[in-house]
Amino acid sequence: MNKGHDDSFDLALANLELPTAAKVPKKENTQLVGKDDNLTNKTSCSSTSKSSAANPHCILVHPKQRGNPILKSILNAPLEFRDDIIPDYVVGRTTCILYLSLKYHNLNPDYICQRLKELGKQYELRVLLVQIDTPEPHNALKSLTRISLLADLTLMLAWNADEAGKIIETYKLFEKRPPDWIMERVESNPHQKLVTALSNIKPVNKTDAVTLLQNFGNLENLINASEDRLSQVIGLGPRKAKKLYKTLQEPFLAK
């Protein structure tokens, strides 16, 4: 992407209103456009009248996304097409997704900035889902990363249509899950804590860590072991032994 494109992004972003608080999309004049007959998804929401509220169990889809191949991958959450939403997908009361093909972005670099202007301050969690469908994505992704940082977007990357659809589906399925559902589990067992700590030393893996503790019995013996002794442990080898020895001999506090 050339310098001119970068300048246009900066000018467009300068005029954007960044979100300060979550806003729930308005419910007035809602309309269900209908179920896409071409989709293989069998769990579509039933039709509703023009004045009806959105079904909270459905992924709300903007009609412009009708026919997008990624919808065929959404099998575990029902879809509802509505023309009263601004983003491409609404996957929660305060969560939305804007979908962007990288190939389309390269042809229309100002498109995403225009979409963000339309979105305004709506939604607390705003996801920019980018499908990588070009052989050289790096320059475009650098620009989109900058946009995401400035416009308070969470950037998600998908390498094919199936992966993009699963990301959308996952956001909906985890909508009401507590934060600790996806947080890393903290080990309480001392042995497991040691295994985790040792496997954080690259290139030592968990199998290596378990083998080391079986051979040396405890952390003290492991720390006092020579590099040559470490290299004799089955599966470790000279390269891992050298890295492990160097790490274990480093002072705990920097001078």
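Predicted model only: the values in this text are computed from it and were never measured.

Student: Which residues make up unusual backbone geometry, and what values go with them?
Tutor: Here the residue pair Lys 202 and Pro 203 is connected by a cis peptide bond, since its omega of 5° sits within 30 degrees of zero. With respect to the secondary-structure elements, Pro 203 resides in the loop between α6 (190-199) and α7 (206-216). The backbone of Tyr 123 sits at a positive phi, close to 75°, despite the residue not being glycine. Relative to the helices and strands, Tyr 123 is located in the loop between α3 (111-119) and β5 (125-131). Note on Tyr 123: relative accessible area 1%, which makes it buried. Positive phi, normally seen in glycine, also occurs at Asp 152, with a value near 60°. Relative to the helices and strands, Asp 152 is located in the loop between α4 (138-150) and β6 (154-158). In this structure Asp 152 comes out as partly exposed when scored by relative accessible area, which is 43%.

Student: Please provide a residue-by-residue account of the side chain of Lys 172, values included.
Tutor: Within the element layout of this structure, Lys 172 appears in helix α5 (residues 161-173). We classify Lys 172 as buried; its relative accessible area is 9%. Of the polar contacts made by the side chain of Lys 172, one reaches the backbone oxygen of Pro 56; its length is 2.7 Å. Within the structure, Lys 172 has its side chain in polar contact with the side chain of Glu 175 (distance 2.9 Å). With residues up to four places along the chain from it excluded, the contact list for Lys 172 reads Pro 56, His 57, Cys 58, Ile 59, Ala 77 and Val 91.

Student: Any chance you could break down the pattern of salt bridges for me, citing the residues and the numbers?
Tutor: Between side chains of opposite charge, a pair can form when the charged atoms approach closely. Under the defined criterion, the tally for this structure stands at seven salt bridges. One salt bridge in this structure joins Asp 84 and Arg 82, with 3.2 Å as the shortest N-O distance. With its nearest N and O atoms 3.6 Å apart, the salt bridge here joins Glu 118 to Arg 115. Here Glu 118 and its partner Arg 115 are both found in helix α3, three residues apart, which amounts to about one turn of the helix. By relative accessible area, Glu 118 is classed as partly exposed at 40%. Salt bridges linked by common partners bring Glu 80, Arg 82 and Asp 84 together as one network.

Conventions we followed
- Residues numbered from 1 in each chain as written.
- Predicted model: local features only at pLDDT ≥ 70, side-chain atom pairs only at ≥ 80, totals over all residues.
- Heavy atoms only, no water.
- Helix = DSSP H or I, 4+ residues; strand = E, 2+ residues; numbered from the N terminus.
- Buried < 20%, exposed > 50% of the residue type's maximum accessible area, 1.4 Å probe, protein only.
- Polar contact = N/O pair within 3.5 Å; in protein donor to acceptor, adjacent residues only side chain to side chain.
- Contact = heavy atoms within 4.5 Å.
- Salt bridge = Lys/Arg side-chain N within 4 Å of Asp/Glu carboxyl O.

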